[in-house]
Amino acid sequence: MIEFKLDGDFIPLIQLLKATGLVYTGGEAQIVVTEGEVKYNGQVDYRKRLKVKRGDVVEFRSQKIVVI
């Protein structure tokens, strides 16, 4: 499990995937989101511009990111 400390009010999903090192580029992040490989609070989510906030949980390739 990865704990990600959020500095502002939110972080876009694409940036979160890059910031945690689960993808290398924004382009790769967009692809995995549009292909349904990312879960947001337990549900597959296809929104590339999703605003992830404190308390949210993102799952990708057996990794769980908890935003604190």
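Here the structure is shown first, and the text comes after it.
Rules used throughout
- Residues numbered from 1 in each chain as written.
- Predicted model: local features only at pLDDT ≥ 70, side-chain atom pairs only at ≥ 80, totals over all residues.
- Heavy atoms only, no water.
- Helix = DSSP H or I, 4+ residues; strand = E, 2+ residues; numbered from the N terminus.
- Rg over C-alpha atoms; globule rule 2.2 N^0.38 Å.
- Buried < 20%, exposed > 50% of the residue type's maximum accessible area, 1.4 Å probe, protein only.
- Contact = heavy atoms within 4.5 Å.
- Areas by Shrake-Rupley, 256 points an atom, 1.4 Å probe, with all protein chains shown as cover.
- Lys, Arg positive; Asp, Glu negative; His and termini not counted.
- Charge placed at Lys NZ, Arg CZ, Asp CG, Glu CD.
- Polar contact = N/O pair within 3.5 Å; in protein donor to acceptor, adjacent residues only side chain to side chain.
- Phe/Tyr/Trp six-rings, centres within 6.5 Å; stacked < 30°, edge-to-face > 60°.
- Lys NZ or Arg CZ within 6 Å of the ring centre and 35° of its normal.

Participant: For the overall build of the protein, give the residues involved together with the corresponding values.
Facilitator: Scanning the protein from terminus to terminus reveals two helices and seven strands. Written out in order from the N terminus, the α and β elements of the protein read β-β-α-α-β-β-β-β-β. Computed over its C-alpha atoms, the radius of gyration of the protein comes to 10 Å, within 12% of the 11 Å expected for a compact globule of 68 residues. Principal axes of the C-alpha set define a box for the protein whose edges measure 25 × 20 × 20 Å. Expressed as a percentage of its 68 residues, the buried residues of the protein come to 37%. Contacts in the protein between residues far apart in sequence, at least 24 positions, make up 44% of those at least 6 positions apart. Accessible area of the protein: about 4,300 Å², with a carbon and sulfur share of 47%. Treating the 11 positive side-chain charges of the protein as one cloud and the 9 negative ones as another, the clouds have centres 4 Å apart.

Participant: Give a description of the side chain of Thr 20 that names residues and reports values.
Facilitator: Inspection of the secondary structure assignment puts Thr 20 in the loop between α1 (13–19) and α2 (26–34). According to the relative accessible area criterion, Thr 20 is buried, its value standing at 18%. Engagement of the side chain of Thr 20 in a polar contact is seen with the backbone oxygen of Leu 17, the distance being 3.2 Å. Look past the residues within four positions of Thr 20 in its chain and what remains in contact with it is Ile 2, Phe 4 and Ile 65.

Participant: Which residues make up the packing of aromatic side chains, and what are the values?
Facilitator: Per the counting criterion, the structure on display carries zero aromatic pairs. It is Lys 51 that lies over the ring of Phe 10; its NZ or CZ is 4.8 Å from the centre.

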